[in-house]
Amino acid sequence: MLNAVVQDAINDQINYELFSSYQYLSMAAWCEHEQFVGCASWLRIQSQEEYAHAMRLYDFLLARNAPIKLKAIAAPEQKFASVASVFEKALEQEQKVTEQIDRLYELAFNEKAFAALVELEWFITEQVEEEKTSREVVHKFKMVKDDPSALLDLDRELGGRATASDATA
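Remember, it's a predicted structure, so these values are computed and weren't measured experimentally.

Peer 1: Before we go on, may I ask you to explain the overall build of the protein chain in this structure?
Peer 2: When helices and strands are tallied, the protein chain shows six helices and zero strands. Taken from N to C terminus, the helices and strands of the protein chain fall in the order α-α-α-α-α-α. Taken over the C-alpha trace, the protein chain has a radius of gyration of 17 Å; the compact-globule value for 169 residues is 15 Å, and the two agree within 12%. C-alpha extents for the protein chain along the principal axes are approximately 55 × 30 × 30 Å. Burial status across the protein chain gives 44% buried among its 169 residues.

Here it is as structure tokens:
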């Protein structure tokens, strides 16, 4: 059984993963409204990944016979200055998640919650990839700036992202 401090921290992380999913969905809606359908598709897939991360922690708590304490999800940001700013916000969000996972790992280590450490190692590795991918997309937006044809090409490229289940099918 996990101690209450670790349980609460994991429950908080579930909440933030669900918020992240909600934020990405809001970003997708904004992009779709602005006719960046490829970007919207990329962001919807990201929303699904964040939901899956929340469920992975949810299932971990259940496997450890710990209570799930679902909390209110904060309202996501809904207005953005540009499609590039959407992805800058996405990178900031991933960096925040990385900080939270690192703190959660440190807490689990200090509390000697060894099963949690093993579970959180997956999240640490995942966050390296999440930040790398977001940083690459932000860089591409900086390269194309406001060039309409380049933005359309980048939108098309981002729309080609496959889900994890598509890649294994």
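Peer 1: Even after reading the chapter, I still don't get the packing of helix H2 (residues 37–63) against helix H3 (residues 83–110), so can you show me in this structure?
Peer 2: To characterise two packed helices, one gives the angle between the axes of the helices and the distance between these axes. Running from N to C, H2 and H3 point in directions that differ by 15°, and their axes come no closer than 12 Å. Taken as axis vectors, H2 and H3 run roughly parallel relative to one another. Seen from above, H2 lies across H3 with left-handed handedness. Seen from H2, the contacting residues are Cys39, Trp42, Leu43, Gln46 and Glu50; seen from H3, they are Val83, Val86, Phe87 and Glu94. Partitioning the contact of H2 with H3 into residue classes produces six nonpolar, one polar and two charged.

Peer 1: Looking at this structure, I do not really get the nonpolar core. What am I missing?
Peer 2: Considering soluble globular proteins, one finds that nonpolar side chains tend to be buried as a cluster. Of all hydrophobic cores here, the largest spans 24 residues; its most connected members are Cys31, Leu43, Val83, Phe87 and Phe141. Breaking this core down by element, the ones donating at least two residues are helix H1 (4–33), H2, H3, helix H4 (114–144) and helix H5 (148–159). Apart from the residues lying within four places of it in its own chain, the contact partners of Phe141 are Cys39, Val83, Ala84, Phe87, Leu151, Leu154 and Leu158. Membership of the second largest hydrophobic core comes to 22 residues, among which are Phe19, Ala54, Leu61 and Leu104.

Peer 1: Quick question: what am I supposed to make of a nonpolar patch on the surface here?
Peer 2: On the surface, Tyr22, Leu25 and Ile73 cluster together into a nonpolar patch covering about 270 Å² of accessible area. Checked against the element boundaries, Tyr22 lands in helix H1.

Peer 1: Is there a simple way to think about the state of the cysteines in this case?
Peer 2: Each disulfide consists of one covalent bond between the sulfur atoms belonging to two cysteines. Counted by the stated rule, this structure contains zero disulfides. Of all cysteine sulfurs in the structure, the one in Cys39 sits closest to Cys31, which takes part in no disulfide; the separation is 5.1 Å.

Peer 1: Can you help me understand the packing of aromatic side chains in this one?
Peer 2: For any pair of aromatic rings, geometry is given as the distance between the ring centres together with the angle between the planes. Counted under the stated rule, the structure contains five aromatic pairs. Ring plane angle 25° and centroid distance 5.2 Å describe the contact between Phe87 and Phe141, whose orientation is recorded as stacked. Of this pair, Phe87 sits in helix H3 while Phe141 sits in helix H4, placing them 54 residues apart in sequence. A relative accessible area of 2% places Phe87 in the buried class. Put simply, the rings of Trp42, Phe87 and Phe141 touch in pairs and so form one group of aromatic residues. Positioned over the ring face of Trp122 is Arg56, at 4.0 Å from the centre of the ring. The positively charged end of Arg161 is found above the aromatic ring belonging to Trp42, 4.4 Å away from the centroid.

Peer 1: Mind showing me how you'd approach the environment of Lys89 here?
Peer 2: For Lys89, the location among the structural elements is in helix H3. Of the residues examined, Lys89 reaches a relative accessible area of 27% and is grouped as partly exposed. Between the alpha carbons of Lys89 and Gln23 there is a distance of 9.7 Å; along the sequence they are 66 residues apart. If we ignore the near neighbours within four places in the chain, the residues touching Lys89 are Met27, Glu77 and Phe80.

Parameters at a glance
- Residues numbered from 1 in each chain as written.
- Predicted model: local features only at pLDDT ≥ 70, side-chain atom pairs only at ≥ 80, totals over all residues.
- Heavy atoms only, no water.
- Helix = DSSP H or I, 4+ residues; strand = E, 2+ residues; numbered from the N terminus.
- Rg over C-alpha atoms; globule rule 2.2 N^0.38 Å.
- Buried < 20%, exposed > 50% of the residue type's maximum accessible area, 1.4 Å probe, protein only.
- Axes fitted to C-alpha atoms, helices over the stretch in contact; angles between N-to-C directions.
- Parallel < 35°, antiparallel > 145°, perpendicular 65-115°, else oblique.
- Left-handed = near helix turned anticlockwise from the far one by under 90°.
- Contact = heavy atoms within 4.5 Å.
- Nonpolar A, V, L, I, M, F, W, Y, C, P; charged D, E, K, R; others polar.
- Core = buried A, V, L, I, M, F, W, Y, C linked by side-chain atoms within 4.5 Å.
- Patch = residues over 30% accessible without salt bridge, like charges linked within 9 Å, V, L, I, M, F, W, Y side chains within 5 Å.
- Areas by Shrake-Rupley, 256 points an atom, 1.4 Å probe, with all protein chains shown as cover.
- Salt bridge = Lys/Arg side-chain N within 4 Å of Asp/Glu carboxyl O.
- Disulfide = S-S within 2.5 Å.
- Phe/Tyr/Trp six-rings, centres within 6.5 Å; stacked < 30°, edge-to-face > 60°.
- Lys NZ or Arg CZ within 6 Å of the ring centre and 35° of its normal.

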